[in-house]
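Given next are the chains, with one letter for each unit.
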Amino acid sequence: MPLVNTKEMFKKAYEGGYAIGAFNVNNMEIIQGITEAGKELGAPMILQVSAGARKYANHTYLKKLVEAAVEETGLPIALHLDHGDSFELCKSCIDGGFTSVMIDGSHLDYEDNIALTKKVVEYAHARGVTVEGELGQLAGIEDDVNVSAEDASFTDPDQVQDFVTRTGVDSLAIAIGTSHGAYKFKPGQNPQLRFDILEEVSKRLPGFPIVLHGASSVVPEFVEMVNTYGGKMPDAIGIPEDMLRKAATMAVCKINIDSDLRLAMTGVVRKHLAENPDHFDPRQYLGDGRAAIKGMVEHKIKNVLGCNGKA
Ligand code: G3H
Ligand code: 13P
Ligand code: ZN
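These numbers were taken from a predicted model, which means no experiment stands behind them. Counting restarts for each chain: residues are numbered from 1 in the order of the written sequence. Whichever chain is written first becomes A and whichever ligand is written first becomes 1, with later ones labelled in order. Totals for whole chains, interfaces and linings use all residues, but because this is a predicted model, local features are given only for residues with pLDDT of at least 70 and pairs of side-chain atoms are given and counted only at 80 or more. Just so you know, side-chain values use all the structure's heavy atoms and leave hydrogens and water out.

**Overview of the nonpolar core**
Within the largest apolar cluster, 100 residues are counted, with the highest numbers of intra-cluster contacts made by I34, L172, I210 and I255. A run of H or I in DSSP becomes a helix once it reaches four residues, and a run of E becomes a strand once it reaches two; helices and strands are each numbered from the N terminus. It is helix α12 (residues 282–305) that provides the largest number of residues to this core, a total of seven residues. Here, the term nonpolar core denotes a set of buried Ala, Val, Leu, Ile, Met, Phe, Trp, Tyr and Cys residues that are joined through side-chain atoms within 4.5 Å. Only protein chains enter the area calculation, which uses a 1.4 Å probe; residues under 20% of their type maximum are buried, those over 50% are exposed, and those in between are partly exposed.

**Description of helix α1 (residues 7–16)**
For α1, the full list of buried residues reads M9, F10 and A13. Down the axis of α1, the sector holding all buried residues measures 95°, keeping them to one side. Facing away from the buried side of α1 by more than 90 degrees, the exposed set consists of K7 and E15. A contact between two residues is defined here by any heavy atoms of the two lying within 4.5 Å. Looking at the buried residues of α1, the elements they touch are β1 (20–24), β2 (45–50), β3 (77–84), β8 (171–174) and β10 (252–257). A positive backbone phi angle near 70° is found at G17, which sits one or two residues after α1. Regarding the arc, it is the one traced by the directions from the helix axis to the C-beta atoms.

**Some points on the packing of aromatic side chains**
Two rings belonging to Phe, Tyr or Trp (six-membered ring only in the last case) form a pair when the distance between their centres is within 6.5 Å. Interplanar angles under 30 degrees mark stacking, angles over 60 mark edge-to-face geometry, and anything in between is tilted. Using the criterion set out here, one finds two aromatic pairs in the structure. Between the aromatic rings of F87 and Y123, the centroid separation amounts to 5.6 Å while the plane-to-plane angle is 85°, which identifies the pairing as edge-to-face. Here Y123 lies in helix α6 (residues 110–125) and F87 lies in helix α5 (residues 87–95), a separation of 36 residues in the sequence. For the pair F87 and Y123, one class covers both residues: buried. Summarising the aromatic geometry, the rings of Y110 and F163 are spaced 6.4 Å apart at their centres and angled 45° between planes, so their arrangement reads as tilted. Here Y110 is found in helix α6, whereas its partner F163 is found in helix α7 (residues 157–167), with 53 residues between them in sequence. Look at Y110 and you get partly exposed, because its relative accessible area is 21%.

**A look at the site of ligand 2**
Looking at ligand 2, there are 16 residues lining it, with D82, K184, S216, D258 and S259 nearest. The contact in question runs from an oxygen atom of ligand 2 to an N or O atom on the backbone of G181, over 2.9 Å. The backbone of D258 places a nitrogen or oxygen atom 2.7 Å from an oxygen atom of ligand 2. Coverage of ligand 2 by the protein chains reaches 96% of its 310 Å² of free accessible surface. Of all elements in the fold, only β3 and β10 reach the threshold of two or more residues within the shell around ligand 2. Of the residues contributing to the shell around ligand 2, the split by class is two nonpolar, 11 polar and three charged. Any residue with a heavy atom positioned within 4 Å of a molecule or strand is treated as near that molecule or strand. Counted as a polar contact is a pair of N or O atoms within 3.5 Å, where, for protein atoms, one must be capable of donating a hydrogen and the other of accepting one, and residues adjacent in sequence contribute only when both atoms are in side chains. Surface accessibility follows the Shrake-Rupley procedure with a 1.4 Å probe radius. Residue values consider only the protein chains on display as shielding. Throughout this entry, Asp, Glu, Lys and Arg are counted as charged residues, while Ala, Val, Leu, Ile, Met, Phe, Trp, Tyr, Cys and Pro are counted as nonpolar. The remaining residues, Gly among them, count as polar.

**Topic: the coordination of the zinc ion (ligand 3)**
The donor definition counts N, O and S atoms within 2.8 Å of each metal and applies 3.2 Å to Na, K and Ca; water is not among these atoms, so some sites may look incomplete. In this structure, H83 (NE2), H180 (NE2) and H213 (ND1) serve as the protein donors to the zinc ion (ligand 3), at separations of 2.0 to 2.1 Å. In the primary structure, the donors to the zinc ion (ligand 3) are separated according to the pattern H-x96-H-x32-H. Taken together, the residues span a long stretch of sequence, with H83 in strand β3 and H180 in the loop between β8 and α8 (195–204) at a distance of 97 residues. We classify H83 as buried; its relative accessible area is 10%.

**What about the pattern of salt bridges?**
Salt bridge criterion: a side-chain nitrogen from Lys or Arg within 4 Å of a carboxyl oxygen from Asp or Glu. Within this structure, the stated rule accounts for 18 salt bridges. As a salt-bridge pair, K294 and E40 come within 2.8 Å of each other at their nearest N and O atoms. Here K294, found in helix α12, pairs with E40, found in helix α2 (residues 28–41); they are 254 residues apart in sequence, far enough to count as distant. The shortest N-O distance in the salt bridge between D162 and R166 comes to 3.0 Å. Here R166 and D162 lie together in helix α7, a separation of four residues that amounts to about one turn.

**A word on the sheet that holds β8**
Should DSSP find at least two bridges between two strands, the strands are taken to pair. Taken in spatial order, the eight strands of this closed barrel run β1-β2-β3-β4-β5-β8-β9-β10, and their pairing is parallel. Ignoring which end each strand starts from, the neighbouring axes of this sheet average 25° apart. Bridge count for β2 against β3 is six bridges, and the pairing is parallel. Looking at β3, one finds that M45 is bridged to I77. Contacting β1, β2, β3, β5 (130–135), β8 and β10, α1 crosses the sheet at an angle of about 115° to β10. Axes, fitted as lines to C-alpha atoms, cover a helix only where it is in contact. Angles between the N-to-C directions of the axes lie from 0 to 180 degrees.

**Topic: helix α11 (residues 259–275)**
Residues spaced three or four apart along an α-helix face the same direction, because each turn holds 3.6 residues. A helix is expected to span 1.5 Å for every residue after the first. With 17 residues, α11 should reach 24 Å at 1.5 Å per residue; the first-to-last C-alpha distance of 24 Å fits that figure. Among the residues of α11, S259, D260, L261, L263, A264, M265, G267, V268, V269 and H272 are the ones counted as buried. Structurally, α11 contributes buried residues whose contacts are with β1, α2, α9 (220–228), β10 and α12.

**Here's the deal with the pairing of β10**
Taking burial as the measure, the six residues of β10 include six buried ones, the bulk of the element. Alignment of strand β9 (residues 210–212) against β10, held across three bridges, turns out to be parallel. Note that in β10 the partner of I210 across the bridge is V252.

**Details of the packing of α7 against α8**
For the pair α7 and α8, the least separation of the axes is 9 Å and the interaxial angle reads 35°. Crossing of α7 against α8: the hand is right-handed. When α7 is examined against α8, the residues P157, D158, V160 and Q161 are found in contact with a partner set consisting of I197, E200, V201 and R204. Of the residues assigned to the contact of α7 with α8, the class counts are four nonpolar, one polar and three charged. Helix crossings get a hand from a simple test, with the near helix turned counterclockwise from the far one by less than a right angle marking a left-handed crossing and a clockwise turn marking a right-handed one.

Any link to function would need more than the numbers given here.
The structure is reproduced here in structure tokens:
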């Protein structure tokens, strides 16, 4: 099976009341860990590449590695551009074989966001590629851009129907209280998601797939592991998994997870090196890192996404 776009997987996810995991990939071990978990649990998957990941690992390497994962697993896998910030970047990924792109115009004025998103949709749809747009701004860090909690803004449900109709996007990322990175909430804060906004959005867009970015839970076990073995992560707090599970049963069809993978891999690699100071073969510690990614993705598929057996 070749790489697929997100059309069919989102339709099934919406109807089935589950979500697809969109996992960020940067190297071979991460791709292998994620897709080994998907294979074992029969889960459809989205592997997403940020501009930073593309710069780090190179477009061709990442694409070929993901194609290798498709061959090895036989799973429906979409290769997706995460947070595309220009038409040129989206075009380059579409021309280079990605099956899905995000054009993130959420920082632009409403009309400019529509114009840019529409331009990407026209180019993408003519080539069978699906497009994710974004309305509303998340707090947190992505590609070195830091949006403070004060500058973040929830999605306005009154805009979504107009945005989707005029742009033709296939899915929409919304801001309901998630945020990027490991420091989503301050100690003492009570993590909350605005389910009222999600409900209003889905009323206005019946059957339409919604996306949640910034959806890592910052699993405490791995923060503790990082800190036990020499790390210094102060008060890292994420989104409770039961809230994400609830969102997955609603209109949310794609849940983005990166920070939880980073934490799991880094925690386990730190532990490995601390416990084996004589090791210097990268396969030893990266092998452990890959296994940690696999374990984390299995956990997410079963406890958050509910997409096991849906491939
Ligand atoms: O939303 C951002 C993702 O976590 C990707 O992060 O831009 O550092 O690759 P990155
Ligand atoms: P996290 O930082 O919560 O993992 O979010 C990742 C993300 O939204 C990628 O686009
Ligand atoms: Zn994101």
